[in-house]
Structures are given as structure tokens and as C-alpha cells.
Amino acid sequence: AQSVTQLDSHVSVSEGTPVLLRCNYSSSYSPSLFWYVQHPNKGLQLLLKYTSAATLVKGINGFEAEFKKSETSFHLTKPSAHMSDAAEYFCVVSDRAGGFKTIFGAGTRLFVKA
Amino acid sequence: EAGVTQFPSHSVIEKGQTVTLRCDPISGHDNLYWYRRVMGKEIKFLLHFVKESKQDESGMPNNRFLAERTGGTYSTLKVQPAELEDSGVYFCASSQGGGHQGPYGYTFGSGTRLTVV
């Protein structure tokens, strides 16, 4: 069965320092993996997605994620945090075994300190 | 193009009352999805429409929830009667096709925050 675990409920970084949001998944088949971001009072916005092409995926706003099958991980990174990155981030998995249903992680809230 | 629109943005109702949430997908998107995030929990799938037909409603929690999509355009999600545990944020998403696996992906609305008191 599919599952997604976001290892940190909250992450706090200083502006200009790197961001690492961790995600582990479980999937019986080759999964598709996604990261979404939700800013306050806004909809969920797709940051990036992995669908069995290049394992290093670049997204919007300088974010990227690397699919590591051996570690069943899909961690989200950004070299330098900006105040506007403060938001909640969701890791998502979808695969054929699950009927392509979308399974969300519990979310990681990112705080950025000046 | 206009995005996915949901209203109301917030709703506070008393236990036992009825509430209807509305979602207007992006024009031309045949696929419409409802999700819910109960406080402190994950965002969970509720159901999926393809045009006016329910493709998958396996996530609907119980028969107090009724979703419709007449004419394959906007959709409504009615909760009747509302219970305290129904409080949360209800998201709608639409897609041209292929779901999350396809090239188009989803576009989410900003959600309706429902509070049942």
C-alpha cells in the first residue's frame, strides 16, 4: 500500500540558509511523487513532480528534489531560504497499485527567520 | 485563465445544520476532485468526478456527505446534518485529464474552512 511520511512537522531556518524538508514514501510500483506548497489563505500549488524521468527534479522558486529509490526518499531542498518560502509543504505519492489515488503526507510547516 | 474557485472561503455552522460547499473548476477541465483536511490530519481524498459522473467516491466518509456535478461544470458538496468531526478544510482540484500521472497535473482551489460548533 502507498504511504507518505514527512519526517518533520515543523522546520525553522534563517533567511539565506539551506532548506531541507524530508519525505519518505512506500509504494508497490514505480511511484509518481510531488511536492506542493500552501501559503496562508491560498490554494495548494505544485512545486515539482517526479514521474520516472530524471531523478533530480527542479521546480519553481529554486526548489528541487531528488528521487532515491534505494532510500525510498524524495527530500525537498533549496540552497537559500527566502522569507516568502514560509508556508506549509506537502509530499504526495501516486501509483498504479493505488488506482492512481493521491496520498498526501501530513505536511511540514517551514518557518523562515530574518 | 481563472483558477479553481471555491466558496464560501469560510463557514461556521451549528451541529445538525446543513452546509453546501461549491467548487468551480477551470473551464474545460473534465476531472474534478474533492479532498478534505481535518485538523491535525493529512489531506484525504473524498471523490473524483469525470464530467458529471462519479468515477471514484471511495473516500466519502459516510452518507451525510453528498456530492453532485450537474452538467459537468461546477460541483457541490453538501453535508447534512453536520457533525463536529466534519470541521476542517475542504479542497477542490480540477484537471484536464490523466490525473496526477498525466501531463497536466492538478490545480487546487484555496479551500473552504468549515467549522461546526
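The structure we're discussing is the one just above.
## Focus on the interface of chain A and chain B
Now for step 1: Listed per partner, the contact involves 19 residues of chain A and 17 residues of chain B.
Now for step 2: Together, Leu44, Thr102 and Phe104 of chain A form the three largest contributors to the area buried by chain A at its contact with chain B, with a combined 31%.
Now for step 3: The tally of links from chain A across to chain B stands at one salt bridge.
Now for step 4: Linking chain A to chain B there are four residue pairs in polar contact (both at pLDDT 80 or more).
Now for step 5: Residue classes in the side of chain A that touches chain B are distributed as eight nonpolar, seven polar and four charged.

## Thoughts on the environment of Leu48 of chain A
All names here are of chain A.
Now for step 1: In this structure, Leu48 sits in strand β6 (residues 44-50).
Now for step 2: As a C-alpha pair, Leu48 and Phe90 span 42 residues in sequence and 11 Å in three-dimensional space.
Now for step 3: Contacts of Leu48, omitting those with residues within four sequence positions, involve Leu33, Phe34, Trp35, Val57, Lys58, Gly59, Phe63, Glu64, Ala65, Phe74 and Leu76.

## Observations concerning the packing of aromatic side chains
Now for step 1: Counted under the stated rule, the structure contains 16 aromatic pairs over all chains.
Now for step 2: Judged by centre distance (6.3 Å) and plane angle (35 degrees), the rings of Tyr36 of chain A and Phe104 of chain A are tilted. Placement of the pair is Tyr36 of chain A in strand β5 (residues 32-38) and Phe104 of chain A in strand β11 (residues 102-104), with a sequence separation of 68 residues. You'll find Tyr36 of chain A and Phe104 of chain A in the same group, each marked buried.
Now for step 3: Arranged with centres 6.2 Å apart and planes meeting at 80 degrees, the rings of Phe90 of chain A and Phe104 of chain A form a pair that is edge-to-face. Residue Phe90 of chain A is found in strand β10 (residues 87-94), and its partner Phe104 of chain A is found in strand β11; the two are separated by 14 residues along the sequence. The pair formed by Phe90 of chain A and Phe104 of chain A is uniform in burial state, with each residue classed as buried.
Now for step 4: Put simply, the rings of Tyr36, Phe90 and Phe104 of chain A together with Tyr33, Tyr35, Phe45, Phe91, Tyr106 and Phe108 of chain B pair up and form one aromatic cluster.
Now for step 5: Across from the ring centre of Tyr74 of chain B, 3.7 Å away, lies the NZ or CZ of Arg22 of chain B, which sits over that ring.

## Section: the nonpolar core
Now for step 1: By size, the foremost hydrophobic cluster in this structure holds 26 residues, and its most contacted members are Trp35, Leu48, Leu76 and Tyr89 of chain A.
Now for step 2: Counting residues per element, this core draws most heavily on β10 of chain A, at four residues.
Now for step 3: Of all hydrophobic cores here, the second largest spans 21 residues; its members include Val4, Ile13, Ile26 and Trp34 of chain B.

## Considerations on the environment of Ser75 of chain B
Residue and element names in this part refer to chain B.
Now for step 1: Tracing the backbone through its elements, the reader meets Ser75 in strand β8 (residues 75-79).
Now for step 2: Overall, Ser75 belongs to the buried group, its relative accessible area being 0%.
Now for step 3: Between the C-alpha atom of Ser75 and that of Leu21, which follows or precedes it by 54 residues, the distance is 8.3 Å.
Now for step 4: Side chain to side chain, Ser75 and Trp34 meet in a polar contact 2.9 Å long.

## Some thoughts on the sheet that holds β8 of chain B
Residues and elements named next belong to chain B.
Now for step 1: The four strands lie next to each other as β1-β3-β8-β7, forming an open sheet whose pairing is antiparallel. Pairing within the sheet leaves two strands with one partner each, and these edge strands are β1 (5-7) and β7 (65-68). Between one strand axis and the next, the sheet turns through 15 degrees on average, direction left out of account.
Now for step 2: Pairing geometry for β1 and strand β3 (residues 19-24), over three bridges, is antiparallel. Bridged to Gln6 within β3 is Cys23.

Parameters and conventions
- Residues numbered from 1 in each chain as written.
- Chains lettered and ligands numbered in written order.
- Predicted model: local features only at pLDDT ≥ 70, side-chain atom pairs only at ≥ 80, totals over all residues.
- Heavy atoms only, no water.
- Contact = heavy atoms within 4.5 Å.
- Buried area = accessible area lost by both parts, 1.4 Å probe.
- Salt bridge = Lys/Arg side-chain N within 4 Å of Asp/Glu carboxyl O.
- Polar contact = N/O pair within 3.5 Å; in protein donor to acceptor, adjacent residues only side chain to side chain.
- Nonpolar A, V, L, I, M, F, W, Y, C, P; charged D, E, K, R; others polar.
- Helix = DSSP H or I, 4+ residues; strand = E, 2+ residues; numbered from the N terminus.
- Phe/Tyr/Trp six-rings, centres within 6.5 Å; stacked < 30°, edge-to-face > 60°.
- Buried < 20%, exposed > 50% of the residue type's maximum accessible area, 1.4 Å probe, protein only.
- Lys NZ or Arg CZ within 6 Å of the ring centre and 35° of its normal.
- Core = buried A, V, L, I, M, F, W, Y, C linked by side-chain atoms within 4.5 Å.
- Pairing = 2+ DSSP bridges.
- Axes fitted to C-alpha atoms, helices over the stretch in contact; angles between N-to-C directions.

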